[in-house]
Amino acid sequence: MIKTKIAKILVPLDGSKTSFNGLDTAVFLARQCGAIITGLHVVSIYPQHLGALLTPLKAKLIKDAEKFMEQAKIQSAQHGIVFRHKIIYGDPTSGIIDFIKQNKFDLVVIGSRGMGGMKEAFLGSVSNVIVHKSHVPVLVVK
């Protein structure tokens, strides 16, 4: 039997209840394995020519992300789990896939549905793309 140690778990977070359900599952697994958790949030990039108009929106998105990342850190610490976080910019699916590759995670735990419900109905969910493109195991949590 091949045994793989899970030492690094990635949890993409968007502030939704489902993404925090993923965090709960990751915390449980991290406790069993002695793993650390990295929370990742991807802020979507908007067209450059609208930059001045969107600066207040971008600032709010970052502030909101920092707020729920702090909440995730506290939630993890209450269970004795080390939680690191990263906020990046770009397309959520490619941003997550690139981050997985660059940081050599052992497992990705992702919520089945995030904040973009209507968009997901037409384009497919971020979790679906991650399942199909990730080179490491992905656990999808409802």
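Rules used in this analysis
- Residues numbered from 1 in each chain as written.
- Predicted model: local features only at pLDDT ≥ 70, side-chain atom pairs only at ≥ 80, totals over all residues.
- Heavy atoms only, no water.
- Helix = DSSP H or I, 4+ residues; strand = E, 2+ residues; numbered from the N terminus.
- Buried < 20%, exposed > 50% of the residue type's maximum accessible area, 1.4 Å probe, protein only.
- Contact = heavy atoms within 4.5 Å.
- Pairing = 2+ DSSP bridges.

(A) Expanded view of the overall build of the chain. Counting its regular elements, the chain contains five helices and five strands. Ordered by position from the N terminus, the helices and strands of the chain form the series β-α-β-α-β-α-β-α-α-β. Scored against the burial criterion, the 142 residues of the chain give a buried share of 38%. In the chain, 78% of the contacts between residues at least 6 apart in sequence involve partners at least 24 apart.

(B) Representation of the pairing of strand β2 (residues 36-43). With eight of eight residues buried, β2 lies mostly within the body of the structure. The alternating pattern of β2 places I36, T38, L40 and V42 and I37, G39, H41 and V43 on opposite faces, both of which are buried. The pairing of strand β1 (residues 8-12) with β2 spans five bridges and is classified as parallel. Paired with L10 across the strands is T38, a residue of β2. Two elements, β2 and strand β3 (residues 83-89), share seven bridges in a ladder whose sense is parallel.

(C) Quick look at unusual backbone geometry. Backbone geometry at K104 places phi at a positive 50°, although glycine is not the residue there. Looking at the element boundaries, K104 is found in the loop between α3 (92-103) and β4 (107-111).

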